[in-house]
Amino acid sequence: MHVALLFPPAADPRAPHLAIPSLAACLKRDGVRVTVRDLNLEGLLWSLQPDVLVEAERKARARLAQPDLTSRDRTQLLDVLASAGTVMQGAGRALNTLRDSIKFYDPDEHHQARALVRSALALVSAQVPRVRYDISNAAYEVDGIDRTIMSDLVRVTADREANVFHEFWEERLFKPLACDRPDFVGVSILNGQQIIPGLTLARRLREHGHTVLIGGTVYAKFVKELLERPQFFEVFCDGIVPYEGESTFRALAAGANLRGAANSIPNLIRLDAHKRPALGPTHVEDVDALPTPDFSLLPLDDYLSPLPVLPILTGKGCYFNRCKFCDIPHINRVAPKAYRVRKPETIAADVANLHLAHGARHFVITDETLSPNLLMRLADAIEDRPDVQAAEPRFVGYARFEKGFTPEVCRRLFRMGLRKLFFGLESGSQATLDHMDKGVDVTVARDVLGHCVDAHIGVHVFSIVGFPQETESSARETLAFFVDNATLLDHPRNSFDIHPFGLDLRTAYYDDAATYGAIIDLPALNATDFPISVKSWSNRDGLSQDDVANLISEFNTTLHTTFRGSRLYPEQHWPGFEEYAVLYADHFDTRPFNFRTALPSPGDPQRFHLAWASQARRGAAGEPEFRPWIPIGALSDDEVAQAVLEPLPADPMDVDTLLGSLAKRVSLPPERRSALRAALSDLIDRLLAERRLWFRPAGLDCCAASSFGERNVAGLLKGSFRGMPATSIRPVR
């Protein structure tokens with residue numbers, strides 16, 4: 001038997017996903033021939049090819065001539081096209097930067113490359129109406145389409161204009177599959193942003209005569225809904241595997257007939273003889289018996305990372321399994337145990353196998369949550385494997401704030417190679433935590449953060465505002481938690497976020513909504529076929545959605561100031577994504593991370609220089625030189641900004657020397673010097689925050705910034721010197 005496994009867009013291609021390599025390993029062990037294609041990665045790389053971008057720009061410009069174009073669409077098109085030259089010239093360079101063993105670890109180069117890739121995808125999206133394709137946050141959306149409504153899904157998957165990958169699939173996917181026809185094609189849909197491209201892909205594959213099975217965690221939530229909707233199978237696929245797929249394909253490989261009795265194949269929904277959906281028997285895998293995931297069929301060098309970062313599994317499910325806002329208990333309800341664990345010795349063998357096969361040293365443990373006990377047992381297993389110790393593996397993973405993360409445990413886990421833990425705090429209010437049955441003590445959380453930080457293990461803290469019956473005072477306790485623990489979280493390796501609450505179906509809060517004062521708009525909910533979250537609801541006894549939005553905006557402003565310099569809250573200077581976090585942590589284990597997003601405080605001795613970001617031009621070629629001793633009042637803001645900041649001092653210096661050097665370029669009486677220095681400091685901080693200026697630590701061996709962009713940096717500084725008294729500038733030579 002030959003099975004082709006496809007991973008559709010849209011996701012962030014930092015590294016491969018675990019699902020398909022895991023299934024591929026099982027199929028190959030059973031003697032099945034397997035083809036694997038990461039169409040998410042391939043589609044991105046195809047989209048960034050020069051000829052594709054040139055054609056995208058041509059089509060986007062042609063859209064400007066359409067008489068029915070709205071003013072909003074016109075504005076968006078013009079904005080995208082304004083950077084088209086930069087995008088077409090720099091997209092290939094951006095990909096190289098993200099794979100470069102030096103530039104990747106320069107946070108400014110890294111951020112610029114990611115931003116340029118996103119701009120390229122905005123151009124690709126702009127060539128057709130209504131589509132938004134992005135990798136950060138990953139998205140594939142079509143205006144006017146609700147992916148929870150069956151009729152919308154049928155309509156959008158038949159619309160060629162809504163598929164930016166149409167030509168790529170026709171030439172590079174459907175033709176090879178036609179020549180080497182697999183018996184089954186599996187399409188994995190794991191996230192909401194994959195629904196539209198994934199179902200479009202499945203539908204097109206069926207139109208090309210393939211037998212298509214859809215798997216993935218998205219549709220594990222909709223077994224009941226799928227059993228009531230035969231149209232889904234008539235349009236999109238021959239079957240859906242809502243649970244684990246190993247037993248399904250094992251049965252097919254053993255000769256089970258897909259057209260036979262509808263309930264004869266494990267974990268498979270398909271139409272029966274009466275054209276009604278039917279589910280076969282449920283089968284749960286022994287996770288410890290699964291083979292090491294097989295990544296050999298994927299182009300690991302093509303991902304947006306300088307080194308392979310591979311996902312591994314220690315267990316499925318959640319050992320706590322009680323949080324009222326979480327739908328993981330529903331997804332895992334088919335298993336006899338809430339948490340099925342792989343033996344630590346098996347995990348250590350996985351690490352050894354993947355290092356031997358791919359040279360991989362960096363791993364993301366994909367479990368929903370890792371207990372300190374399991375991690376310590378893994379440390380023991382690794383200690384018993386000299387081959388694993390020699391590889392010096394590095395890990396990141398998810399955990400709960402447990403008392404078991406003692407100082408001794410954290411130090412041991414750091415020695416094992418653990419470099420970052422992602423914790424779900426959810427709230428800084430103990431009352432709110434108790435309300436959601438989180439099982440976390442705020443005091444313990446603060447202690448665990450300190451133990452991790454002292455052991456040099458990075459942390460990320462997830463938090464949420466707007467739980468059912470949450471008040472403003474309890475929400476403010478979440479802000480206070482981050483402000484009060486700023487000294488713990490200040491290192492750039494640490495990160496955190498605050499998100500608005502979303503009421504998910506299949507959770508305790510939804511199931512008992514009336515008890516918790518959640519008033520659900522049932523007509524709106526009932527109008528959907530595959531809802532994951534409640535779109536319209538009100539918090540009768542707590543914060544409204546407007547209250548939540550206003551509080552988060554206020555919190556972001558406060559936290560931006562609190563953590564000024566070490567990060568650009570809510571952004572992150574040290575990349576916070578799991579795969580990038582483990583690489584940065586390993587790289588900077590023995591190197592100082594001296595990059596900043598704001599100038600150091602007055603008196604700070606750190607030496608540095610400033611450089612313009614390489615995508616920013618400082619004035620058009622051929623502009624006349626500045627005339628000496630012209631009153632500032634006679635100059636535009638652009639000219640003043642250029643006069644003060646161009647040329648930037650080349651020699652490293654501390655912040656006081658830098659500001660003093662720049663201030664000398666403007667003739668002012670002595671009593672105005674302090675105000676000028678403050679204005680310059682604010683201006684530079686804003687440019688650093690916009691990442692148009694880069695903070696270069698002394699001794700940094702980096703490539704000189706080059707000018708290849710189309711936008712004039714000074715043109716973005718309108719108002720920077722507005723209100724300063726009329727005076728004059730010295731000539732800039």
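Everything numeric here is computed off the predicted structure, so don't read it as measured data.

Student: Describe in detail the overall build of the protein, supporting the description with residues and values.
Tutor: Looking only at helices and strands, the protein has 28 helices and 25 strands in total. Across its three principal directions, the C-alpha atoms of the protein cover 90 × 65 × 55 Å. Expressed as a percentage of its 733 residues, the buried residues of the protein come to 57%. Taking contacts inside the protein between residues at least 6 apart in sequence as the whole, the part at least 24 apart equals 77%. For the protein, the accessible area works out to roughly 29,800 Å², and carbon and sulfur atoms hold 50% of it.

Student: Hey, could you go over the pairing of strand β15 (residues 418-426) for me, with residue numbers and the actual values?
Tutor: Buried residues dominate β15, accounting for nine of its nine residues. Bridge analysis of strand β14 (residues 394-399) against β15 gives five bridges, and the strand direction is parallel. Residue A399 lies in a different strand from β15, and its bridge partner there is F423. Of the crossover connections in this fold, the one passing from β14 over helix α17 (residues 407-416) to the parallel β15 is right-handed. Pairing between β15 and strand β16 (residues 458-465): six bridges, direction parallel. Its bridge partner lying in β16, G424 is registered against F462.

Student: Lay out unusual backbone geometry with the relevant residues and their values.
Tutor: In this chain, P9 is followed by A10 through a cis amide linkage whose omega measures 5 degrees. Position of A10 relative to the elements: it lies in the loop between β1 (2-7) and α1 (19-29). The amide bond that connects S136 to the next residue, N137, takes the cis arrangement and shows omega of -10 degrees. Note that N137 resides in the loop between β3 (131-135) and β4 (138-142). Despite not being glycine, N267 shows a phi value in the positive range, around 60 degrees. Its relative accessible area of 0% is what places N267 among the buried residues. One non-glycine residue, E392, lies in the positive phi region at around 50 degrees. Within the fold, E392 resides in the loop between α16 (386-391) and β14. You can call E392 partly exposed: its relative accessible area is 46%.

Student: How would you summarise the sheet that holds β16 if you had to cite specific residues and measurements?
Tutor: One open sheet accounts for six strands, arranged β10-β13-β14-β15-β16-β17; its pairing is parallel. Of all strands in the sheet, those with a lone pairing partner are β10 (309-312) and β17 (495-500), marking the two edges. On average, adjacent strands in this sheet sit at an angle of 20 degrees to one another, irrespective of strand direction. Those strands touched by helix α19 (residues 442-454) are β15 and β16, and its axis lies near 165 degrees from that of β15.

Student: Explain helix α25 (residues 578-587) to me, and be specific about the residues and the numbers.
Tutor: Along an α-helix, a turn takes 3.6 residues, which lines up residues three or four apart on a common side. For α25, a buried count of ten out of ten residues is recorded, marking the element as mostly surrounded by other parts of the structure. Those residues of α25 that sit buried are E578, E579, Y580, A581, V582, L583, Y584, A585, D586 and H587. Each element contacted by the buried residues of α25 is listed here: α6 (107-126), β10, β13 (362-365), β14 and β15.

Student: An account of the packing of aromatic side chains is needed here, citing residue identities and associated values.
Tutor: One pass over the full model with this rule turns up 41 aromatic pairs. Taken together, the aromatic side chains of F104, Y105, W574, F577, Y580, Y584, F588, F593 and F595 make up a single cluster linked through ring pairs. The lysine or arginine in question, R419, covers the ring of F414, its NZ or CZ lying 3.6 Å from the ring centre.

Student: Tell me what's going on with the environment of R229, and back it up with residues and numbers.
Tutor: As for its placement among the helices and strands, R229 is situated in the loop between α10 (223-227) and α11 (230-235). With 47 residues separating them along the chain, R229 and R276 place their C-alpha atoms 8.1 Å apart. Leaving out residues up to four positions away in the same chain, R229 has contacts with P277, T528, D529 and F530. A polar contact is formed between the side chain of R229 and the side chain of D529, at a distance of 2.9 Å.

Student: Got a sec to walk through the pattern of salt bridges? Specific residues and values, please.
Tutor: What the rule picks out here adds up to 54 salt bridges. Salt-bridge contacts for E578 lead to R14; the nearest nitrogen and oxygen are separated by 3.8 Å. You can see E578 sitting in helix α25 and its partner R14 sitting in the loop between β1 and α1, a full 564 residues away along the chain. This pair shows no difference in class: E578 is buried, exactly as R14 is.

Student: I'd like a rundown of the packing of helix α3 (residues 50-63) against α6, residues and numbers included.
Tutor: Direction vectors running N to C along α3 and α6 enclose 55 degrees, while the axes themselves pass 8 Å from each other. Classed by the angle they form, the pair α3 and α6 counts as oblique. In this structure, the crossing between α3 and α6 has a hand that is left-handed. Mapping the contact onto sequence places L53, A56, E57, A60 and R63 in α3 and A120, L123, V124 and A126 in α6. Residues belonging to the contact of α3 with α6 are distributed by class as follows: seven nonpolar, no polar and two charged.

Student: Give a detailed account of the packing of helix α4 (residues 71-82) against α6, specifying residues and quantitative values.
Tutor: At a minimum axis distance of 9 Å, the contact between α4 and α6 shows a crossing angle of 135 degrees. Classified by the angle their axes make, α4 and α6 are oblique. The way α4 lies across α6 gives a crossing that is left-handed. Contacts between α4 and α6 involve L77, V80 and L81 from the former and A122, L123 and A126 from the latter. Its residues assigned to classes, the contact of α4 with α6 comprises six nonpolar, no polar and no charged.

Student: Give a detailed account of the confidence of the model for the protein, specifying residues and quantitative values.
Tutor: Atomic detail in the predicted coordinates should be set aside for any region of low pLDDT. The share of residues in the protein with pLDDT of 70 or more is 92%, and the mean pLDDT across the chain is 90. Predicted confidence is poor over residues 618-630, with pLDDT under 50, and the contacts of this stretch with residues over four places away or in other chains come to 26 contacts. Note on residues 702-733: pLDDT is under 50 here. Beyond four places in sequence and across chains, it has 102 contacts.

Student: Break down the nonpolar core for me, citing the residues and quoting the values.
Tutor: Of all hydrophobic cores here, the largest spans 110 residues; its most connected members are L5, F395, F401, F405, F423 and I457. Setting aside anything within four residues of it in sequence, one finds L5 in contact with I20, L23, A24, L27, V34, T35, V36, R37 and G186. In terms of nonpolar packing, the next biggest core, distinct from the first, is built from 90 residues, A56, L98, Y140 and V212 among them.

Student: I'd like a description of helix α28 (residues 673-689), backed by residues and values.
Tutor: End to end, α28 covers 24 Å across 17 residues, agreeing with the expected 24 Å (1.5 Å per residue, within 8%). All of the buried residues along α28 are L676, L680, S681, L683, I684, D685, L687 and L688.

Cut-offs applied
- Residues numbered from 1 in each chain as written.
- Predicted model: local features only at pLDDT ≥ 70, side-chain atom pairs only at ≥ 80, totals over all residues.
- Heavy atoms only, no water.
- Helix = DSSP H or I, 4+ residues; strand = E, 2+ residues; numbered from the N terminus.
- Buried < 20%, exposed > 50% of the residue type's maximum accessible area, 1.4 Å probe, protein only.
- Contact = heavy atoms within 4.5 Å.
- Areas by Shrake-Rupley, 256 points an atom, 1.4 Å probe, with all protein chains shown as cover.
- Pairing = 2+ DSSP bridges.
- Right-handed = clockwise from strand over helix to strand, strands pointing away.
- Axes fitted to C-alpha atoms, helices over the stretch in contact; angles between N-to-C directions.
- Phe/Tyr/Trp six-rings, centres within 6.5 Å; stacked < 30°, edge-to-face > 60°.
- Lys NZ or Arg CZ within 6 Å of the ring centre and 35° of its normal.
- Polar contact = N/O pair within 3.5 Å; in protein donor to acceptor, adjacent residues only side chain to side chain.
- Salt bridge = Lys/Arg side-chain N within 4 Å of Asp/Glu carboxyl O.
- Parallel < 35°, antiparallel > 145°, perpendicular 65-115°, else oblique.
- Left-handed = near helix turned anticlockwise from the far one by under 90°.
- Nonpolar A, V, L, I, M, F, W, Y, C, P; charged D, E, K, R; others polar.
- pLDDT = per-residue confidence, 0-100.
- Core = buried A, V, L, I, M, F, W, Y, C linked by side-chain atoms within 4.5 Å.
- Expected span 1.5 Å × (residues − 1).

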